[in-house]
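# Chain and residue survey
What follows is each chain in one-letter form.
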Amino acid sequence: MFDGYDSCSEDTSSSSSSEESEEEVAPLPSNLPIIKNNGQVYTYPDGKSGMATCEMCGMVGVRDAFYSKTKRFCSVSCSRSYSSNSKKASILARLQGKPPTKKAKVLQKQPLVAKLAAYAQYQATLQNQAKTKSAAVSTEGFNWGNYINSNSFIAAPVTCFKHAPMGTCWGDISENVRVEVPNTDCSLPTKVFWIAGIVKLAGYNALLRYEGFENDSGLDFWCSICGSDIHPVGWCAASGKPLVPPRTIQHKYTNWKAFLVKRLTGAKTLPPDFSQKVSESMQYPFKPCMRVEVVDKRHLCRTRVAVVESVIGGRLRLVYEESEDRTDDFWCHMHSPLIHHIGWSRSIGHRFKRSDITKKQDGHFDTPPHLFAKVKEVDHSGEWFKEGMKLEAIDPLNLSTICVATIRKVLADGFLMIGIDGSEAADGSDWFCYHATSPSIFPVGFCEINMIELTPPRGYTKLPFKWFDYLRETGSIAAPVKLFNKDVPNHGFRVGMKLEAVDLMEPRLICVATVTRIIHRLLRIHFDGWEEEYDQWVDCESPDLYPVGWCQLTGYQLQPPASQSSRESQSGSSKQKKKTKSQQYKGHKKMTALQLKEELIDGEDYSFLQGASDQESNGSANFYIKQEP
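Residues numbered from 1 in each chain as written. Predicted model: local features only at pLDDT ≥ 70, side-chain atom pairs only at ≥ 80, totals over all residues. Heavy atoms only, no water.

Taking an unreviewed UniProt entry as the reference, the chain is identified by name as Mbt domain containing 1 belonging to Moschus moschiferus. For the record of the chain, the UniProt heading Subcellular location (unreviewed entry) holds the text "Nucleus". (UniProt positions renumbered as here; feature names shortened; annotations may be inferred.)

Printed below as a string of structure tokens:
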């Protein structure tokens, strides 16, 4: 009756963390009064310069520690809450122990004491709900199908996300594939099925049309292909389920069997084991109570021990081991470069915060090292990175920017400690760790040739910024181009594609997002409904990107785009923001490749090949090449 097809598919122990330690960051002067909010320390004004007050929550703190270029807010959360007029809902949600949302109305600014009281009540609520809180939350309130249809959007295909369920075995699922689904256009008291064809795909979701409706889209509907009610053609016959045509067209044909034979001959359907493959692809090796080393979210220069609290779709909620109330947590994917096996920090010379807990808690155990993402091996024998070398790097504290950076320390196994020029702490507490093959570091000149704004060092006044002058002034050298990762996979992303993306500044949130730029393997991710200053540069193989429908499939909460009413209410403040931004340095005019060659470093001659910028990558590997004399 039809031709089916097959989908394409393809114990160790570690040392305890209690032996590892590091020198703690120097405390603030004792003569300054302090308050603590969510574990972070702020000081009251003491007559000295450098202090700022958050325009959202009223928190007072060191200006340089505040978020964004304008330093108006103490955190990303406050900045977004202010922009979306969400102060009231944010406070109420916190008092009710709910995750923050991005919609609401603004209240008059409250005194700091009221804020602290609200926060204390929120913490108490969290403690009371800690034992009963469920990780899976509703994704109601936003419909991907309506969003795609009403705007004629295109979603990134599942095959772009190798780490996601079915990412490596999605096969030939495409338009015109036939499936058996429940017939909702029926008055029978029992559940019956009918055959439908895929009209449009959007990630895991498909727009289906019942057979027999031809060009009539009146009863088209969206559903997840991985849902439990979607079956390959032939499933009903094998399971003894009735196939009943929809009531709207039941009189259209007298011989439905002949109709189906004609329509389905030569057609494709899902593989017979499709549901089994979906189930297998959603099994994850990480389990609750596993111990890992993870970056300290308050001091990026070091790691801490954390325990897996829950696993949702391969994403881990990690609770720092010293958190008594289990609320000091960190979200990341199990393939994230931010987590490692116990003992990793000591093995490579990375800073590590020793836990006050002298022995493992009952039931907790070290995660086997083989479960973690592997990094590429590198050859240190020849020319290699050295301390003091300059490069360009994505700022992990402001992922919308690529900054002038310096290698501060060379660790073992190809890992590097990097600092952002002009904004580093004296004790190196804000250094961060990237591997030498990381797609988040770039050679000098990468931004220039790819027409990306390079953020100069804070306080640097000789603008427009020029690498040649800066290297000469600082007596530095650029890291050799040949040491950087030049691999560009054929990732399949295109500008304008929709997806679900983690807000890495608030990593528990997954938002509706769009690919707005493609520079080789680097993607510019825009969060729908939000200003461009919240955009983030992300690698095409990042485990923090997911297909449309991933949240629905896994039961994770999806943050919808900002509503039209929210955008309209922001119009006044947006105009003011634009004025402020226009007075700030936004990068110098882009030079041609010839001009750049004339100004580059130490007499070396470089040429840069501009690859598939703003287009789909074709897998070409050389997007910057050093020409040997």
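Moving on from the model shown.
With that out of the way, let us pick up the overall build of the chain. Looking only at helices and strands, one finds 14 helices and 31 strands in the chain. Put simply, the chain has 629 residues, and 51% of those count as buried. Here the chain displays about 30,000 Å² of accessible surface, and carbon together with sulfur accounts for 51% of that area. (Helix = DSSP H or I, 4+ residues; strand = E, 2+ residues; numbered from the N terminus. Buried < 20%, exposed > 50% of the residue type's maximum accessible area, 1.4 Å probe, protein only. Areas by Shrake-Rupley, 256 points an atom, 1.4 Å probe, with all protein chains shown as cover.)

Moving on to the packing of aromatic side chains. Applying the stated rule across the entire model yields 29 aromatic pairs. Relative to F465, the ring of Y460 has its centre 5.5 Å away and its plane inclined at 70°; by these criteria the two rings are edge-to-face. Here the aromatic cluster, defined as three or more aromatic residues joined through ring pairs, consists of F142, W144, Y147 and F153. Sitting over the ring of F153, K498 keeps its end group 4.0 Å from the ring centre. (Phe/Tyr/Trp six-rings, centres within 6.5 Å; stacked < 30°, edge-to-face > 60°. Lys NZ or Arg CZ within 6 Å of the ring centre and 35° of its normal.)

Our focus in this paragraph is the sheet that holds strand β9 (residues 221-224). Taken in spatial order, the 5 strands line up as β9-β8-β7-β6-β10 in an open sheet, and their pairing is antiparallel. With partners counted over all chains shown, the strands left at the sheet margins are β9 and β10 (231-232), one partner each. In this sheet, β10 lies alongside strand β6 (residues 178-182) in antiparallel orientation, the contact comprising 2 bridges. From the neighbouring strand, V179 faces β10, where its bridge partner is P232. Its contacts with the sheet put helix α4 (residues 144-151) on β7 (193-202), β8 (205-210) and β9, and the angle it makes with β9 is roughly 130°. Lying on the sheet, helix α6 (residues 256-264) is in contact with β6 and β7; it crosses β7 at an angle near 30°. (Pairing = 2+ DSSP bridges. Contact = heavy atoms within 4.5 Å. Axes fitted to C-alpha atoms, helices over the stretch in contact; angles between N-to-C directions.)

The next subject is unusual backbone geometry. Apart from glycine, the bulk of residues carry a negative phi angle, and the bulk of peptide bonds sit in the trans form. The residue after L463, namely P464, is reached through a cis peptide bond having omega 0°. Considering the arrangement of structural elements, one finds P464 in the loop between β23 (454-455) and α10 (467-474). Positioned with a positive phi, M451 is a non-glycine residue whose angle comes to about 55°. By the element assignment, M451 lies in the loop between α9 (446-449) and β23. Using a relative accessible area of 51% as the deciding quantity, one classes M451 as exposed. One non-glycine residue with positive phi stands out, namely H520, at about 60°. Relative to the helices and strands, H520 resides in the loop between β25 (510-519) and β26 (522-527). Owing to a relative accessible area of 3%, H520 belongs among the buried residues under this scheme.

For strand β20 (residues 415-420), a buried count of 6 out of 6 residues is recorded, marking the element as mostly surrounded by other parts of the structure. The two faces of β20 match: F415, M417 and G419 on one face and L416, I418 and I420 on the other face are all buried. Pairing of strand β19 (residues 398-410) with β20, which is carried by 5 bridges, proceeds in the antiparallel orientation. Its bridge partner being in β20, K409 is matched across the sheet by M417.

Time to look at the side chain of R317. Following the sequence through the fold, R317 ends up in strand β13 (residues 315-320). The buried category is assigned to R317, whose relative accessible area is 11%. Among the polar contacts made by the side chain of R317, one reaches the side chain of D329 at a distance of 2.8 Å. Those residues in contact with R317, other than ones at most four positions away along the chain, are V307, V308, E309, S310, R326, T327, D329, F330 and W331. (Polar contact = N/O pair within 3.5 Å; in protein donor to acceptor, adjacent residues only side chain to side chain.)

The next subject is the environment of F193. Checked against the element boundaries, F193 lands in strand β7. Classification of F193 by relative accessible area gives buried; the value is 4%. Sequence-distant contacts of F193, defined by excluding residues within four places in its chain, comprise V181, P182, N183, D229, H231, W235, C236, K241, P242, L243 and V244.

Counting 70 residues, the largest nonpolar core has W170, L208, F274, F493 and I525 as its most contacted members. Sort the elements by how many residues they give to this core and β25 lands first, with 6 residues. In this structure I525 touches L499, A501, A513, T514, V515, D535, Q536, V538 and L545, once residues within four positions along its chain are discounted. V295, F330, I402 and A436 belong to the second-largest nonpolar core, a separate cluster that totals 57 residues. (Core = buried A, V, L, I, M, F, W, Y, C linked by side-chain atoms within 4.5 Å.)

As a further point, take helix α7 (residues 274-281). Three or more residues of α7 are buried, namely F274, K277 and V278. Down the axis of α7, the smallest arc covering the buried residues is 100°, so these residues share one side. (Arc of directions from axis to C-beta.)

Buried within α6 we find W256, F259, L260 and L264. Buried residues along α6 cover an arc of 110° about the axis, so they all sit on one side. In α6, the exposed positions angled more than 90 degrees off the buried face are occupied by K257 and K262. The inward-facing, buried residues of α6 abut β6 and β7.

Time to look at the pairing of strand β21 (residues 432-435). The alternating pattern of β21 places F432 and Y434 on one face and C433 and H435 on the opposite face, and all of these are buried. As judged from the 4 bridges shared by β20 and β21, these two strands associate in the antiparallel manner. Along β21, the bridge assignment pairs L416 with Y434.

A word on the confidence of the model for the chain. Mean pLDDT over the chain stands at 78; residues scoring 70 or higher make up 69%. Overall, residues 125-139 carries pLDDT values under 50, and its contacts beyond four positions in sequence, including any with other chains, amount to 21 contacts. (pLDDT = per-residue confidence, 0-100.)

Mapped onto the elements of the fold, S400 is located in strand β19. With relative accessibility at 15%, the residue S400 sits in the buried group. A polar side-chain atom of S400 sits 2.9 Å from a polar atom in the side chain of N398. Dropping the residues within four chain positions of it, S400 is found in contact with R524, E533, D535, Q536 and W537.

It is worth spelling out the environment of R315 at this point. Secondary-structure assignment places R315 in strand β13. The exposure class of R315 is buried, given its relative accessible area of 0%. Residues R315 and C332, spaced 17 residues apart in sequence, show a C-alpha to C-alpha distance of 5.6 Å. The contact partners of R315, leaving out residues within four places of it in the chain, are S310, W331, C332, H333, V502, P507, R508, I510, D544, Y546, W550 and Y556. Here P507 takes part through its backbone oxygen, which lies 2.7 Å from a polar atom of the side chain of R315. A distance of 2.9 Å separates the side chain of R315 from the side chain of Y556, its partner in a polar contact.

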